[in-house]
Every structure is written in structure tokens, then in C-alpha cells.
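Here are the chains, one letter per residue:
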Amino acid sequence: VLVETKACGIYRFTHDSNQHFLYNSVENEAERELIHLRIGRSLVQRMAGSSDQQESIAFLAASNMARGAKHIETDEERLATMHFFLDTAALAVSKVDASEYLACAMGMLKQTDYTSNYELYMNLHNTYAEVQSCTGYFEESDKTIDTVLGNAKFSKDRFRAQCTKMRSLISQQKPDETIDFAFK
């Protein structure tokens, strides 16, 4: 049913129908999510030991981790996973894929992260706002920018959000609003 691929220790199903049969035999959605989390964790560990195909493994790991992220129990793993999603989003050519990884990371944020993990909190918010703007989700981008502007402790964080807001307004062909915003 499984065969080893060129990458030592990585297996794939010999036929898609085998994979679908096994996957569909797990009826409980929580169990499926836990399986995805285990696969994601395994792929992340494999990435640490190998430089071959790291990028493609990163996307596969991130997709699986995202499916099971709500089952992560420790703050240490939660923070590491959010950093991993942020790094993987930066590698993604597709802004839609980047958006999915960032949305998952944003969903993992806790209220206390604003103070205890400020840099990660701001970087996630700013990056998410940029990606949402690039994909045409301007309202979501604006909400996130408002969060950054309302919570930023440093001018560099505000500046990044302001630049994203101006690019967003320009891409929406709103020159007057862009100028008004720039002179606020």
C-alpha cells in the first residue's frame, strides 16, 4: 500500500484510492485532525534533519499542521507552530496559500501574546494585513491594520501598517483617501 519515495524515509500511497479508503475509514473529525497534526509534526522534524526538498516539505507540513492546530496543547508548540506558519507563508508563491497559513496562526493567538510575544503578534498582524490586501480582502486587511495601529508600541510597527493601508487604498483606486490617510 505504501512505497518509499526518493527522499529516504518518506512514503506515499501506491494509489490514491488506497489513501482515500484509509482516510474515509476514520469517521471522527477530531481523530482526522490529530492524524494531520501527527503527520505535520513528523514532517517538521524531518525538515530539521535534511536540506533536500525543505520548501516542498514545509508546505505539506504546514497544510497538515493547520488541519490539526486546534489540538496543540502547549504554549511552546503553539508559538513554534505560529512561527513556522509565518515562515512558510513567506515562502509561498501563492498569496492564497500564505493567507491560509497566516489565518491559522492568527487563530492560535492568545490575548496575552500581545505582551508576552509582542514581536510575533505584530509581525503576524502586519503580514496578514499585507496578504489580505494583496488578495483583495480589503475589509479584513483594514480590520487587521486597525488592530495594529491601535496596539503598536513602536513606530516601525505603525509605519508598516500605514504603508499597507496606503497600498491597499491605491490598489482600490482611491487616491483622495490615500492622500487623506497619509496626512493623518
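Presented here is a report on the structure given in the accompanying data block.

What counts and what doesn't
- Residues numbered from 1 in each chain as written.
- Predicted model: local features only at pLDDT ≥ 70, side-chain atom pairs only at ≥ 80, totals over all residues.
- Heavy atoms only, no water.
- Helix = DSSP H or I, 4+ residues; strand = E, 2+ residues; numbered from the N terminus.
- Expected span 1.5 Å × (residues − 1).
- Buried < 20%, exposed > 50% of the residue type's maximum accessible area, 1.4 Å probe, protein only.
- Contact = heavy atoms within 4.5 Å.
- Core = buried A, V, L, I, M, F, W, Y, C linked by side-chain atoms within 4.5 Å.
- Axes fitted to C-alpha atoms, helices over the stretch in contact; angles between N-to-C directions.
- Parallel < 35°, antiparallel > 145°, perpendicular 65-115°, else oblique.
- Nonpolar A, V, L, I, M, F, W, Y, C, P; charged D, E, K, R; others polar.
- Salt bridge = Lys/Arg side-chain N within 4 Å of Asp/Glu carboxyl O.

1. Structural notes on helix α9 (residues 155-171)
In step 1: With 17 residues, α9 should cover 24 Å at 1.5 Å per step; its first-to-last C-alpha distance of 24 Å lies within 8% of that length.
In step 2: Listing the buried residues of α9 in full gives Asp157, Ala161, Cys163, Thr164, Lys165, Ser168 and Leu169.
In step 3: Those residues of α9 that are buried lie in contact with α7 (118-134), α8 (138-151) and α10 (175-182).
In step 4: Once α9 finishes, Gln173 follows within two positions and takes phi at roughly 55°, a positive value.

2. A closer look at the nonpolar core
In step 1: Ranked by size, the top nonpolar core spans 37 residues in total, and within it Met82, Phe84, Phe85, Leu102, Met108 and Leu124 carry the most contacts.
In step 2: When residues of this core are traced back to their parent elements, those giving at least two are α2 (29-48), α3 (54-68), α4 (75-91), α5 (95-108), α7 and α8.
In step 3: Examining the composition of this core, we find that eight residues originate from one element, α7, more than from any other.
In step 4: Aside from chain neighbours lying at most four places away, what touches Met82 is Ala105, Met108, Leu109, Asp113, Leu120 and Leu124.

3. Describing the packing of α7 against α9
In step 1: At a closest axis distance of 9 Å, the pairing of α7 and α9 adopts a crossing angle of 10°. As judged from the angle between their axes, α7 and α9 are roughly parallel. Along its contact with α7, which presents Tyr118, Met122, Asn123, Asn126, Thr127, Ala129, Glu130 and Ser133, the element α9 presents Asp157, Arg160, Ala161, Thr164, Arg167 and Ser168.
In step 2: Considered class by class, the residues forming the contact of α7 with α9 number four nonpolar, six polar and four charged.

4. Considering the pattern of salt bridges
In step 1: Summed over all chains, the structure comprises 10 salt bridges.
In step 2: When the shortest N-O distance is used, the salt bridge between Arg41 and Glu77 registers 2.6 Å. Of this pair, Arg41 sits in helix α2 while Glu77 sits in helix α4; the two residues are 36 residues apart in sequence, bridging distant segments of the chain.
In step 3: You can call Arg41 partly exposed: its relative accessible area is 32%.
In step 4: Lys143 is the partner of Glu140 in a salt bridge, and the nearest nitrogen-oxygen pair spans 3.5 Å. You can see Glu140 and its partner Lys143 sitting in helix α8, three residues apart, about one turn around the helix.
In step 5: According to the relative accessible area criterion, Lys143 is exposed, its value standing at 53%.
In step 6: A single salt-bridge network, built from bridges that share partners, covers Asp75, Arg78, Lys110 and Asp113.

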